[in-house]
Amino acid sequence: MALRDELLKSIWHAFTSLDVDKSGKVSKSQLKVLSHNLCTVMKIPHDPVALEEHFKDDDEGPVSNQGYMPYLNKFILDKVTGNFDLHDFNKMCWTLSNRKNLDQSQLLISTDDAFKIWCIFNFLSEDRYPLTVVTEEIEYFLRKLTEAIGGSWVEERFEDYKLQLNMKQQSLNAWELISLVGSGHFSKGIDRQALSMGVNEVYQELIVDVLKQGYMMKKGHKRKNWTERWFMLKPTSISYYVGEDLADQKGDILLDGNCSAEPLPDKDGKKCLFFLKSSHKSFEISASDKKRKHEWILAVQTCVSLLRQGRPAPHREARQKRRELRLKQQAEQEELELRMNELQLANEAKQLELEDMRKALEEAATNAAEEEQRRLQTQTELQDRYKTDLEREKTVRKKMEEQVAQKSTELEQYLQRVRELEDMYRQLEDALEDEKRARQEEEAVRRLQARLLEEEATKRVELEEFHLRQQRAISETEAEKQELEKERLAKESALQAAMTQLEQLEQERQGAVEQYQTVMKKLEDATNNTKTWKHKVAEHEGMLRLIQPGSKGQQMITNWGPAAFSDGELSQRQKKWQEMKNQTTQAQ
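Values in this document were obtained by computation on a predicted structure and should not be read as measured data.

With respect to unusual backbone geometry
Okay, step 1: Cis rather than trans, the peptide bond between Tyr 129 and Pro 130 has omega equal to 0 degrees.
Okay, step 2: Note that Pro 130 resides in the loop between helix H6 (111-124) and strand S3 (133-134).
Okay, step 3: A positive phi angle, close to 65 degrees, is found at Asp 209, a residue other than glycine.
Okay, step 4: In this structure, Asp 209 sits in the loop between helix H10 (192-206) and strand S5 (212-219).
Okay, step 5: With a phi angle near 55 degrees, Cys 272 is a residue other than glycine that sits in the positive phi range.

Rendered as structure tokens:
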């Protein structure tokens, strides 16, 4: 992401926070204050008259975001040199926007953590306004945060949230992302301090470009003593501080394509050594263990390799690849939809063509039927006419035969008439031949009609198969949806049954406790009554005696003194007492 695009995202938050009534416009006085603050933070000269001069042709009304952009580009962003503190710039834009949009009382995180999540949102959001972050980037951030706090990623929980998100919208704005993290939905069982440390670690990696950090021992150049320092690796440098609070920086190691990191053997009582060589100095560093030593060497070598290839930090390159993949998938989806529309249009055109062909065939069949009817009618009329002529000729012939004897002079005329009749017969045969040819032509037309109908049936079958394939695809999708719905209902039913069983066990436990208390009370009353009764009997019978010296043999002791019952009587009394106790328990 270019610096200008990164700055525009933060400025957009500040601009929209000034739009109190959500009309898309901000007053000129507020824009003056915003422009002055931007110039102050980015260390560029501010021209207070430039805003008025730029909008001198406009009325006194507020200015929209599109109207403010030319002024912002010309008088502020074009003058940015990059010698300002980006953290202070983001902090200023955050201060303007969070007062309107953030409710801190509902969150489990501090304002500083919310600011860091806001910066992460700007880094992961799409380059479209209004700014939103898509589901894929939300999952990427939550996975990073879960790894940072030492938790385990629960895929099912995010899939449920993703399903809920897709039902409403497929992205979140900055304040919705802060509320999602601050609500603790994906960090249950994690205390606030661990969550804050996790947010800070992700912020350091994605925003500050800290690729690795930790304590290591560094050998001095002058006194050659070993001192513990907090090292912080970035794509172009390694900074080391007195402590991890970054309050006292002791130096920087600039990285370039000529730097290298190589392991060293143990010496001077120091272990896990490696040698860091830069263009200006060389450093001997001792890690806490072999694993950390290998990780630091690999991280430094990765940075050097990226610098040689001119590539950005790994997380920035990965973000760019994810965006390119999303754009490619979106283009493929649009192309697929376009092809589907083209196929649908072609299908509709084919349907219209088939319909026109069917109408043409029906019209041809109707015309052929009418022509056949006219031909049959003409043939019938000719046959009737020829039959009438033949009957008339027969009558004439009879008359001529009757008159042949009388009119021999008319014989020649009669023969001429016969020749004429023969000519008419030949004409009739020619007419019948023409009728035969017409029938053959009719048969050819019918065969053509049958072939066209077969082609229509074939095309209709192909269209029906295509429609069935579409219906099967839709049915499979619907079946998968129903299966997921059944699975969800089954889980809810199992949860409800478990809750019902838990409530039933709780009721049974309370009943058992109450029964236990009742029995204990009865036992206590029985014990008190027994003690009182024993004392009275002992006083009445005079059985309270002092211990006398005598035989130490085992004696049977009862409430009435030694040897008051025999063993048989005592066994019988114990059985009766046990039966009475069992009957009392069953009655309860």
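What follows picks up the thread again.
What about the pattern of salt bridges?
Okay, step 1: Within the structure shown, the criterion is met by 37 salt bridges.
Okay, step 2: Where Glu 284 meets Lys 219, a salt bridge forms, and the shortest distance between an N and an O atom there is 3.8 Å. Taken together, the residues span a long stretch of sequence, with Glu 284 in strand S11 (residues 282-286) and Lys 219 in strand S5 at a distance of 65 residues. A single burial state applies to Glu 284 and to Lys 219, both of which are buried.
Okay, step 3: For the salt bridge of Glu 485 with Arg 488, the shortest nitrogen-to-oxygen distance reads 2.2 Å.

Concerning the side chain of Arg 322
Okay, step 1: Within the secondary structure, Arg 322 is located in helix H12 (residues 314-404).
Okay, step 2: Not counting residues up to four positions away in its chain, the partners in contact with Arg 322 are Leu 124, Glu 136, Glu 137 and Tyr 140.

Here we look at the packing of H6 against H10
Okay, step 1: Where H6 meets H10, the closest approach of the two axes is 10 Å, and the angle between their N-to-C directions is 35 degrees. Here H6 runs over H10; the crossing is left-handed. Every residue of H10 that contacts H6 at Asp 113, Phe 115, Lys 116, Ile 117, Cys 119, Ile 120 and Phe 123 is listed here: Ser 196, Val 199, Asn 200, Val 202, Tyr 203 and Leu 206.

Topic: the packing of aromatic side chains
Okay, step 1: Taken as a whole and judged by the stated rule, the model has 12 aromatic pairs.
Okay, step 2: Residues Trp 153 and Phe 158 carry aromatic rings whose centres are separated by 5.5 Å and whose planes lie at 45 degrees to one another, so their mutual orientation is tilted.
Okay, step 3: The class of Phe 158 is buried, set by a relative accessible area of 0%.
Okay, step 4: The interplanar angle of 45 degrees and the centroid separation of 6.5 Å between the aromatic rings of Phe 158 and Tyr 161 together place this pair among those described as tilted. Of this pair, Phe 158 and Tyr 161 both sit in helix H8 (residues 155-168), 3 residues apart, which is roughly one turn of that helix.
Okay, step 5: For Tyr 161, a relative accessible area of 15% gives the class buried.
Okay, step 6: By way of ring pairs, the aromatic residues Trp 94, Phe 115, Trp 118 and Trp 175 are connected into one cluster.
Okay, step 7: Across the ring face of Phe 115, the terminal group of Lys 91 is positioned such that the distance to the ring centre comes to 4.2 Å.

Conventions and cut-offs
Residues numbered from 1 in each chain as written. Predicted model: local features only at pLDDT ≥ 70, side-chain atom pairs only at ≥ 80, totals over all residues. Heavy atoms only, no water. Helix = DSSP H or I, 4+ residues; strand = E, 2+ residues; numbered from the N terminus. Salt bridge = Lys/Arg side-chain N within 4 Å of Asp/Glu carboxyl O. Buried < 20%, exposed > 50% of the residue type's maximum accessible area, 1.4 Å probe, protein only. Contact = heavy atoms within 4.5 Å. Axes fitted to C-alpha atoms, helices over the stretch in contact; angles between N-to-C directions. Left-handed = near helix turned anticlockwise from the far one by under 90°. Phe/Tyr/Trp six-rings, centres within 6.5 Å; stacked < 30°, edge-to-face > 60°. Lys NZ or Arg CZ within 6 Å of the ring centre and 35° of its normal.

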